[in-house]
Amino acid sequence: MSEVKLAAETRTEFGKGAARRIRRDKKVPGVVYGHGVDPVHITLPGHELLLALRTPNVLLSLDIEGKTELAIPKAVQRDAVKGFLEHVDLLLVKRGEKVTVEVYVHTEGELAPGAYLLEHVLSTLTVEAEATNIPESVTVSIEGLEAGASIAAKDIPLPKGTTLAIDEDAVVLQVLAAQAEESTEDEAEGESAEA
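Here is a short report on the structure shown in this document. (Residues numbered from 1 in each chain as written. Predicted model: local features only at pLDDT ≥ 70, side-chain atom pairs only at ≥ 80, totals over all residues. Heavy atoms only, no water.)

1. Comments concerning the environment of R24
Mapped onto the fold, R24 is located in helix α1 (residues 16-24). In this structure, the C-alpha to C-alpha distance between R24 and T55, residues 31 residues apart in sequence, is 25 Å. (Helix = DSSP H or I, 4+ residues; strand = E, 2+ residues; numbered from the N terminus.)

Listed below in structure tokens is the structure:
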């Protein structure tokens with residue numbers, strides 16, 4: 001995982017008006033907290049932050065007035081209509097520290113021939129990993145699986161240094177048989193036979 005360096009400025013103005021002024025300047029208000037220190041309210045460059053957040057569980061190297069801090073996104077608020085960033089909460093981390101995050105589950109391969117459907121019971125997997133080595137996603141093979149087959153969390157290969165932070169027997173994926181819909185002609189014949 002790569003680090004993204006961002007320059008952050010501390011802020012002393014709070015409230016809606018201050019936040020609007022910050023966003024008007026193409027910046028994003030945020031807060032950095034963790035490790036038992038008081039929260040630090042900051043302003044981040046909007047475009048650079050938006051690009052950084054495209055990577056799941058990105059590690060941010062923040063330059064806050066000459067002091068470098070490592071952080072990961074904890075909560076991101078976006079405008080519901082336009083999609084721009086409104087606020088970001090960042091959690092302080094240290095090199096070597098373990099953090100609990102959610103990573104996306106990707107599949108590879110094809111199901112067995114037939115009318116089968118793959119259900120993603122969980123689209124993310126909660127794992128514990130070193131803060132500087134968080135996987136972006138995990139991949140599991142579904143090659144040749146048939147109806148009734150399921151993949152539990154313990155069956156998904158994890159990168160070195162990453163452990164499960166959920167019940168290992170939790171079902172992540174399952175294969176279902178597609179249900180054939182009765183044609184309207186069959187239904188009409190059934191109704192006329194009853195009459």
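After that view, the rundown keeps rolling.
2. Points about the environment of E146
Along the polypeptide, E146 turns up in the loop between β10 (137-141) and β11 (150-152). Here E146 falls in the partly exposed class, since its relative accessible area comes to 47%. The sequence separation of E146 and A112 amounts to 34 residues, and the corresponding C-alpha distance is 5.6 Å. If near-sequence neighbours (up to four positions away) are discounted, E146 is found in contact with A112, Y116 and V175. (Buried < 20%, exposed > 50% of the residue type's maximum accessible area, 1.4 Å probe, protein only. Contact = heavy atoms within 4.5 Å.)

3. Points about the sheet that holds strand β13 (residues 171-177)
Within the open sheet, the three strands sit side by side as β8-β13-β11. Their pairing is antiparallel. The open sheet has two edge strands, β8 (116-120) and β11, and neither has a second partner. Neighbour-to-neighbour, the strand axes of the sheet open up by a mean angle of 10 degrees, direction not taken into account. The pairing of β11 with β13 spans three bridges and is classified as antiparallel. From the neighbouring strand, I151 faces β13, where its bridge partner is L173. (Pairing = 2+ DSSP bridges. Axes fitted to C-alpha atoms, helices over the stretch in contact; angles between N-to-C directions.)

4. What about α1?
By the burial criterion, the buried members of α1 are A18, A19 and I22. Down the axis of α1, the sector holding all buried residues measures 100 degrees, keeping them to one side. Facing away from the buried side of α1 by more than 90 degrees, the exposed set consists of K16 and R24. Backbone geometry just downstream of α1 places K26 in the positive-phi region, at approximately 60 degrees. (Arc of directions from axis to C-beta.)

5. Some points on the layout of surface pockets
Within this model, the largest pocket holds a volume of roughly 350 Å³. Forming the boundary of the largest pocket are 14 residues, of which P56, N57, P73, E102 and Y104 lie nearest the centre. Elements that contribute at least two residues to the lining of the largest pocket include exactly β5 (67-78) and β7 (98-108). Each residue belonging to the lining of the largest pocket can be placed in one class, and the counts come to eight nonpolar, four polar and two charged. Of the voids in this model, the second largest pocket is the one considered here, and its volume is about 240 Å³. Every residue lining the second largest pocket is listed: R23, K26, K27, V28, G46, H47, L50, F84 and L85. Those elements that provide at least two residues to the lining of the second largest pocket are β2 (27-34) and α2 (46-52). Considering every element that reaches the lining of the second largest pocket, the biggest residue donor is α2, with three residues. Residue classes in the lining of the second largest pocket are distributed as four nonpolar, two polar and three charged. (1 Å grid on protein atoms, 1.4 Å probe; cavity = no way out; pocket = protein on both sides within 12 Å on 5 of 7 lines; lining within 4 Å. Points joined across faces, edges and corners; volume = space filled by probe spheres on them. Nonpolar A, V, L, I, M, F, W, Y, C, P; charged D, E, K, R; others polar.)

6. Quick word on the sheet that holds strand β1 (residues 3-10)
Here we have six strands rolled up into a closed barrel, ordered β1-β3-β2-β6-β5-β4, and mixed in their pairing. Neighbour-to-neighbour, the strand axes of the sheet open up by a mean angle of 45 degrees, direction not taken into account. In this structure, β5 lies alongside strand β6 (residues 85-93), joined through eight bridges in antiparallel fashion. Within the sheet, the bridge partner assigned to A75 lies in β6 and is D89. Across the sheet, α1 is in contact with β2, β3 (37-45) and β6; its angle to β2 comes to roughly 120 degrees.

7. Things to note about the nonpolar core
Counting residues in each nonpolar core, the largest one holds 20 residues, and the members touching the most others are L125 and I156. Sorting the residues of this core by element identifies β5, β7, β9 (124-130), β10 and β13 as the ones contributing at least two each. Looking at which element gives the most residues to this core, the answer is β7, with four residues. Setting aside residues no more than four positions away along its own chain, I156 makes contact with V105, L125, V138, V140, I151 and V172. Counting residues in each nonpolar core, the second largest holds 18 residues, with L6, L44, L62 and L85 among its members. (Core = buried A, V, L, I, M, F, W, Y, C linked by side-chain atoms within 4.5 Å.)

Everything listed here is a matter of geometry and, on its own, says nothing about what the molecule does.
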